[in-house]
Amino acid sequence: MSLNISRGLVMLATTMTLSVASAQTVKIGVIAPLTGGGAPWGLAAAEGPRILAQEINDKGGLDVGGKKHKVEIVAYDDQYKAADAVAAYNRLVNQDKIKYVIVVGSAATMALKQQVEDDKVVTLTASYTGKALDKNSKYMFRLYSPPDDYIGSFIAWMKDNVKGKRIVIVNPNDETGWDQTQVATRVFKTNGFEVLGSELFERAQKDFQPMMTKIIAMKPDVIELGGTSPATAGLIIRQARELGYDKLFSKTGGAGPKDIVASAGAKAAEGTINMLYADPANEGYKRLAAAYKKARGQDANEIIVSFYDGANVLLSAIQKAGSVDDTAKVVAAFPKALPMKSIQGDQLTLGGKSVYGVDAQVMSINYIGTIRNGEPVVLGKTK
């Protein structure tokens, strides 16, 4: 009897193995900065969907039209360079035969904007630029709310809670930074802040002392770091503190407080006001962060929730469409996939038409936070 049970278990295990091996595959490509200053965002973009894929695969796969599909993530490093993003896209689409792509950067998104429409590749962008979507966008979707949607609420909160209204805006010299500077300048002025000036820097830059010397001479109450990558933001903060700047930093985009602290030091970063994608005390986020740390051996950037949620919306749309191969059907199914609960329990909806002329944006909830004793603390939510 014992021998028969053992044989039965062996046969069951073999059957399950064959089932998984023979399952069809849904592949999602990721184009992101997996190295360099933007790596915390890029690794989150790759690992968030990968964690979701593992959860789905552990349950037998994604059910599409009554057939189980294994979910696979294929990620390539674009080093935050548009040319490398185009090369990665061509490899994903032409060699890997992938029909679904996640793109992190604004420059990469703009470089690929028309191509994804021509190729009918469903693309989720994490770009901040308002140019990513327009009334002609059909296959491009944004996977979270950008500054245009939340920055008004964020800066209105700053107006009521921050002392001093003299501000200088600092951003990277690329599509992300240009758009972030334009939006932030307008909204800060609307809320009664005096924008003393704006500065742009190259993504690879490491020495910010000349720039910070110029900015400190303007005597700002706040230095706003916008879409600066987290590690670079920390470097700017540290160098400014070394030059004697003792007032406030804010960061209305591209959060990453732990990476800021790692680069600036807890003392220098103390009190920085920043946008957060996640509440570090939320149970859903803690589960996701733990899975990331187990996989990568380091703490996750909290933007991982947006990539996890965005991939979940995409896979739900594929299920609703009943097809893996027909991307036109998947596009048409996005309104059926939402609303949906985020991993943190917030309601995700589809929107964007009033701004971009098309409902092609996952409307997410953002948090207002600060850094206390080296840790992010939530102060409120954007509206």
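It should be noted that the structure appears before, not after, this text.
Residues numbered from 1 in each chain as written. Predicted model: local features only at pLDDT ≥ 70, side-chain atom pairs only at ≥ 80, totals over all residues. Heavy atoms only, no water.

A. Molecular detail of the packing of helix α7 (residues 209–217) against helix α8 (residues 230–242). Contact geometry for α7 and α8: axes closest at 9 Å, N-to-C directions at 60 degrees. Here α7 lies oblique to α8, going by the angle between them. In the crossing of α7 with α8, the sense of the turn from one axis to the other is right-handed. Residue-level inspection shows Q209, M212 and I216 of α7 in contact with α8, the latter providing I236, Q239, A240 and E242. Counted by class, the contact of α7 with α8 contains four nonpolar, two polar and one charged residues. (Axes fitted to C-alpha atoms, helices over the stretch in contact; angles between N-to-C directions. Helix = DSSP H or I, 4+ residues; strand = E, 2+ residues; numbered from the N terminus. Parallel < 35°, antiparallel > 145°, perpendicular 65-115°, else oblique. Left-handed = near helix turned anticlockwise from the far one by under 90°. Contact = heavy atoms within 4.5 Å. Nonpolar A, V, L, I, M, F, W, Y, C, P; charged D, E, K, R; others polar.)

B. Unusual backbone geometry, seen in detail. The omega torsion across L338 and P339 is 5 degrees, close enough to zero to call that bond cis. Inspection of the secondary structure puts P339 in the loop between α13 (327–337) and β12 (340–341). In this structure, Y80 takes a positive phi of about 65 degrees despite not being glycine. Inspection of the secondary structure assignment puts Y80 in the loop between β3 (67–77) and α3 (82–95). Given a relative accessible area of 18%, Y80 falls into the buried group. (Buried < 20%, exposed > 50% of the residue type's maximum accessible area, 1.4 Å probe, protein only.)

C. Fine view of the side chain of S316. Along the chain, S316 turns up in helix α12 (residues 304–321). The contact partners of S316, leaving out residues within four places of it in the chain, are A337 and M340.

D. Focus on the packing of aromatic side chains. According to the stated counting rule, one finds seven aromatic pairs in the structure shown. The interplanar angle of 85 degrees and the centroid separation of 5.2 Å between the aromatic rings of F201 and F208 together place this pair among those described as edge-to-face. F201 sits in the buried class, given a relative accessible area of 2%. Judged by relative accessible area, which is 0%, F208 ranks as buried. What links up through ring pairs into an aromatic cluster is the set Y128, Y144 and Y277. Sitting above the plane of the Y80 ring, R203 keeps its charged end 4.2 Å from the centroid. (Phe/Tyr/Trp six-rings, centres within 6.5 Å; stacked < 30°, edge-to-face > 60°. Lys NZ or Arg CZ within 6 Å of the ring centre and 35° of its normal.)

E. Region of interest: the packing of α8 against helix α9 (residues 257–264). Packing of α8 against α9 brings their axes to within 7 Å, and their N-to-C directions diverge by 40 degrees. Our classification of the angle between α8 and α9 gives oblique. Crossing hand, α8 versus α9: right-handed. Residues P230, A231, A233, G234, L235, I237 and R238 of α8 pack against D259, I260, S263 and A264 of α9. Here the contact of α8 with α9 is composed, by residue class, of seven nonpolar, two polar and two charged.

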